[in-house]
Amino acid sequence: MAVSLAADDTTSNVFLMSLGTRGLTEEEQQLWTLVSSAWGKALRTVDEALQTGSQLSSAEFAVLSMLSASENQTMRLRELCHALKWDRSRVSHQVTRMQRRGLVAKDPSPGDGRGVLVSATDDGVKRVAAATPEHAKVVRRVVLEPLKDEGAAQVLETICRAILQMSTGSRK
């Protein structure tokens, strides 16, 4: 029998603990719920602003931002994976969807039959350039301005760096 554990359902957590399964403590569960809910809302707010203003998803904006900052707006797929800190499958699927929308182009890497070059198209470059000011405005309002207190910003930075440095098994 599968037991669903909602992020704020401490009753389920207590039930799992009674079965000998150690879940989060009530305090840990409340903190995790706060963190995951707040971050989810921040991401949705940014995504909604991008969708409304430029018809780009957050993932498309991330890819196009990386490409537009690169020489000739082009990166090897492997380098794009590393820069975004996404696994190859996710980047490959995202790039394929973006290619269908005319935002990026994929080409074989010259001299390396296995490598793939991903380039932002003219439309992709225009769209990310148009979206960047609104993206910056929303990120500042939703995430950065509430962290004006230097101590809060340092705590968040420390947490984020620790999470990013953790091994994720086969995902890199």
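As a starting point, this report considers the structure included with it. (Residues numbered from 1 in each chain as written. Predicted model: local features only at pLDDT ≥ 70, side-chain atom pairs only at ≥ 80, totals over all residues. Heavy atoms only, no water.)

Notes on the pattern of salt bridges
- Throughout the structure, instances matching the rule amount to 3 salt bridges.
- In this structure, Arg101 and Glu60 form a salt bridge, with 2.4 Å as the shortest nitrogen-oxygen distance. Here the residue Arg101 occupies a position in the loop between helix H5 (88-100) and strand S2 (104-109), and Glu60 occupies one in helix H3 (residues 58-68), the gap between them amounting to 41 residues.
- The class of Glu60 is buried, set by a relative accessible area of 5%.
- Asp123 is the partner of Arg127 in a salt bridge, and the nearest nitrogen-oxygen pair spans 3.3 Å. Taken together, the positions of Arg127 and Asp123, both in helix H6 (residues 122-144) and 4 residues apart, correspond to about one turn of that helix.
- Residue Arg127 is classed as buried on the basis of its relative accessible area of 19%.
- By relative accessible area, Asp123 is classed as partly exposed at 34%. (Salt bridge = Lys/Arg side-chain N within 4 Å of Asp/Glu carboxyl O. Helix = DSSP H or I, 4+ residues; strand = E, 2+ residues; numbered from the N terminus. Buried < 20%, exposed > 50% of the residue type's maximum accessible area, 1.4 Å probe, protein only.)

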